[in-house]
Amino acid sequence: MRAPALVDVARRALAALAAIVVLALVGLAAVRSVEPPAAAGASTPPSQFSAGRAFAQVQAIATVPHPVGSAAQDRVRDHLVTTLQGLGLAPEVQDTVSPEGSELSSSAGGIGIAHVRNVITVIPGTASTGRLFLVAHYDSVQTGPGGNDDAAGVATVLETARALVSGPKLRNDVVLVLTDAEEACLCGAAAFVHQSPLAEDGGVVLNFEARGSSGPAIMFETSDHNQKLVDAYAHTPKPVGTSFAVEIYRLLPNDTDFTPFRLAGFQGLNSAYIDGAAVYHAPTDRPSAMDRDSLQHHGDNALALTRELGDDNLTQLGSNEDATYFPAPGLLVRYPGALVWPLAALALAAVLVLAWLARRRGLITAKRGAGAFAVTLIPIVAAPVLAQLYWLVLKLIRPAYAELPIDPYHPQPYRVGVLALTALVIFAWFALFRRRLGAAALAIAGLGWLAALGLVLAGLTPGGSYLAALPALAGAILGIVAVLLRGWWSVAAVVVGGAVAVIILLPTVIMLFPALGMPMAGAGAFLAVLLGLALLPVVDLIHPEGGGQRGLEALSARRRALFPTLTAALALIVASVIGLSVDRFDDTHPALTQLMYALDADTGTAQWISDEPSVQKWTSRYVSGDPHEVRDSLPVFGPEKVRTGQAQPADLPAPKLTVEKDVPSTGARRLVLRLTPQRPVRLVTLHVGADTRVLAAEVQGQSIIPANRKDQKWGWGFTFHGPPADGIEITVTVRTPGPVAFRVMDGSDGFDGVPGFQARPAGVGIVGSHTSELLAVAKTYNF
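Cut-offs used in this document
- Residues numbered from 1 in each chain as written.
- Predicted model: local features only at pLDDT ≥ 70, side-chain atom pairs only at ≥ 80, totals over all residues.
- Heavy atoms only, no water.
- Pairing = 2+ DSSP bridges.
- Helix = DSSP H or I, 4+ residues; strand = E, 2+ residues; numbered from the N terminus.
- Axes fitted to C-alpha atoms, helices over the stretch in contact; angles between N-to-C directions.
- Parallel < 35°, antiparallel > 145°, perpendicular 65-115°, else oblique.
- Left-handed = near helix turned anticlockwise from the far one by under 90°.
- Contact = heavy atoms within 4.5 Å.
- Nonpolar A, V, L, I, M, F, W, Y, C, P; charged D, E, K, R; others polar.
- Buried < 20%, exposed > 50% of the residue type's maximum accessible area, 1.4 Å probe, protein only.
- pLDDT = per-residue confidence, 0-100.
- Patch = residues over 30% accessible without salt bridge, like charges linked within 9 Å, V, L, I, M, F, W, Y side chains within 5 Å.
- Areas by Shrake-Rupley, 256 points an atom, 1.4 Å probe, with all protein chains shown as cover.
- Salt bridge = Lys/Arg side-chain N within 4 Å of Asp/Glu carboxyl O.
- Disulfide = S-S within 2.5 Å.
- Right-handed = clockwise from strand over helix to strand, strands pointing away.

### A closer look at the sheet that holds strand 21 (residues 728–734)
- Strand order in the open sheet made by the five strands is 15-16-21-18-19, with antiparallel pairing throughout. Looking at the sheet topology across the chains shown, the edges are occupied by strand 15 (656–665) and strand 19 (702–704). The average angle at which neighbouring strand axes cross in this sheet is 20°, direction not considered.

Written out as structure tokens, the structure reads:
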């Protein structure tokens, strides 16, 4: 299936140029299919979503950090209630205590609990068949104002609600759920799911998030059996999502407010924009960092999907299978999951037919085909490995990259560098083996690997099988056409096959880069290699005709064969230089650092703590040495390893733990305790000695299932976020008649007044860690 033997070099060059132009245009269309729409201004008609109007809400919400329980959070909540009342709605505040919404949301040091205040209201339907829930969280982390995460989601819900009440009523009830304590423990969503009467009958949930500052709003997670929901999502103005993202997300240790709903059996979709992730959870996550095009995309799809589902019969959204889906120019391609295995098998069969036909026509031999299949593993392995080494080199040049949460501030040049590196590997490998094995053998081997991978993915991650199976199927069918035809028809066939691969794979490559970030550049390189393998017939076109040359003509042909490889190498160098030039740390784009202070009231000693993977220059003045565990003194850290350094003790009061009741029984004690912070704090923690077995526990009236540990000094424990000033009540039943040891800790934010601390200089910032800037005081009690 090599490119046709044209009469002269000029005609071959013309064919190559035509192929490149066509594929470039197709690639541009594929890229545009996953770009957000332009932001609409505040003068947009009331029935439509306006990023201009929604952004005013972002500015009102994200003025300062507002974590759960803070005074700033109270002001945000008051603003939300006032705004909803201004729309003619009747919002209520669900004020309660709730445990965490997911096992993943708990820390290694114990379960998470929070005092939450969700803002909830209902837009009644005319003849509701069920409830549609629009969900976003209005709290932020303690280190940043949450301009994107998740003021964007809250503003999306508010502007969608404004558009809904300005028009005809929908059939179904629409419930707005603005949750609290998502960042801490998903506790607000869990409280709504398990305690609100509105959630008793289930329904459909649409959750809106942001993990960056730009990019398309990607629908990246669904409930099980999503086929009909995906059909509804396909009707939005610009659907951007892939079933492969759902598969990837299930493998990552991440959660959002969607998780408690999904675990409780709700149907639904989860959307977020994720590019520009250097601001994630950081002080730089301000409204000014937001790309309003991303906000517009969130809102356009949210409003359209709410209207679609709001007028649908929600009792008929059930399905027996998941859909496979991916974006293409102008639409969301989708088909039932039942077709995954047949398509994967058909792709392999088509490749085998192509190989048989090529051998019959004398284009390959069995020996060359087997050899080509074996050596094709080289770029599949080499490109991802070299991409990871590329990021390692960049970190050696810029050590502060190691502390960035996901990506540099300007990752685009480096992403181009990864693609150039992948092209370099493909071109060099192809030039090396093309003369030995033949272009047709290599092209068919590439499709063979795609088909084989399609079968593997069908078994492991069915929603991602299309990435390999469909390009292999299209490439094989059009390869058969190319073998049977001659001249320009053959060129057209291989170009069409390449175009199909570009449409399928390129948008996913673009979405995967920000999803996994440069620390996992190898994943992007792997998908890019798959695209390269599907494009090998076109790659052959841009190389000189093989065979038949002698002397200077042969030397010239070999030199021309190096041109694609050298071009890719030059692109790699240029992209890297541009990236290092434009992505510099400064006051606006600071190098991120992580630091915590802990005072042990038992010993009167203090220490600095940092979880930086490699100590930054600024942090090195406070911590040093090798990472080690600190859970004996700070059990909330669990087995996490950190670096520490001696600190001057601050004059801070320890949290107070008192016994209000002590009821003994046979072989056990029931203790009613009160844990009271002695200063304004964001959280308190309590852990019981590991030699004491906890039989039952309640925190602020909420029953907690104890998980006892015996492999460490401290066993069962919890973290309570947003504790009231008068403390929290804890009831524990323990199986011991003797003394019980408790380790308690409280935590506030910021190091003002801490002896020995010097403010960060310009260009040095704070990483968005839940323990960044945490000032903790711990004490042991024995009762």
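### Regarding the packing of helix 14 (residues 412–437) against helix 18 (residues 521–534)
- Closest axis-to-axis distance for the helix 14/helix 18 pair is 9 Å, and the angle between their directions is 45°. Classified by the interaxial angle, the pair formed by helix 14 and helix 18 is oblique. Seen from above, helix 14 lies across helix 18 with right-handed handedness. For the pair formed by helix 14 and helix 18, the contact residues are Val418, Leu419, Thr422 and Ile426 on the first element and Ala521, Ala525, Ala528, Val529, Gly532 and Leu533 on the second.
- Partitioned by chemical class, the residues of the contact of helix 14 with helix 18 number eight nonpolar, two polar and no charged.

### Description of helix 8 (residues 243–251)
- Of all nine residues in helix 8, seven are buried, a share of seventy percent or more.
- Contacts from the buried residues of helix 8 go to strand 6 (218–222), strand 8 (323–328), helix 16 (466–484), helix 17 (487–516) and helix 18.

### With respect to the confidence of the model for the chain
- The pLDDT averaged across the chain works out to 93; a share of 95% of its residues lies at or above 70.
- Low pLDDT, under 50, characterises residues 1–7; the stretch is placed with 28 contacts to residues that sit more than four places away or in other chains.

### Focus on a nonpolar patch on the surface
- A grouping of Leu377, Val381, Val385, Leu386, Leu389, Leu392 and Leu396 is seen on the molecular surface, where their side chains present a nonpolar patch of about 600 Å² in accessible area.
- Mapped onto the elements of the fold, Leu396 is located in helix 13 (residues 377–397).

### Some words on unusual backbone geometry
- Here the bond from Asp149 into Asp150 is cis, since omega is 5°, no more than 30 degrees from zero.
- In this fold, Asp150 is placed in the loop between strand 3 (131–137) and helix 4 (151–165).
- Within the chain, Leu186 stands out as a residue other than glycine whose phi angle is a positive 60°.
- With respect to the element layout, Leu186 can be found in the loop between helix 5 (182–185) and helix 6 (187–195).
- Given a relative accessible area of 3%, Leu186 falls into the buried group.

### A word on the state of the cysteines
- Tallied over the full model, the rule gives one disulfide.
- Disulfide pairing places Cys185 opposite Cys187 at an S-S distance of 2.0 Å. Disulfide Cys185 to Cys187: torsion about the S-S bond roughly -130°, handedness left-handed. Pair check on accessibility: Cys185 and Cys187 agree, each one buried.

### A word on the pairing of strand 3
- Burial analysis of strand 3 places six of its seven residues in the buried class, the great majority of the element.
- For strand 3 and strand 4 (residues 173–179), the ladder comprises seven bridges, and the chain directions are parallel. When the bridges of strand 4 are listed, Ala136 appears paired with Leu178.
- In this fold, the crossover linking strand 3 to strand 4 by way of helix 4 has right-handed handedness.
- Bridge count between strand 3 and strand 5 (residues 204–210): four bridges; the pairing is parallel. For Val135, the partnering residue across the bridge sits in strand 5 and is Asn207.

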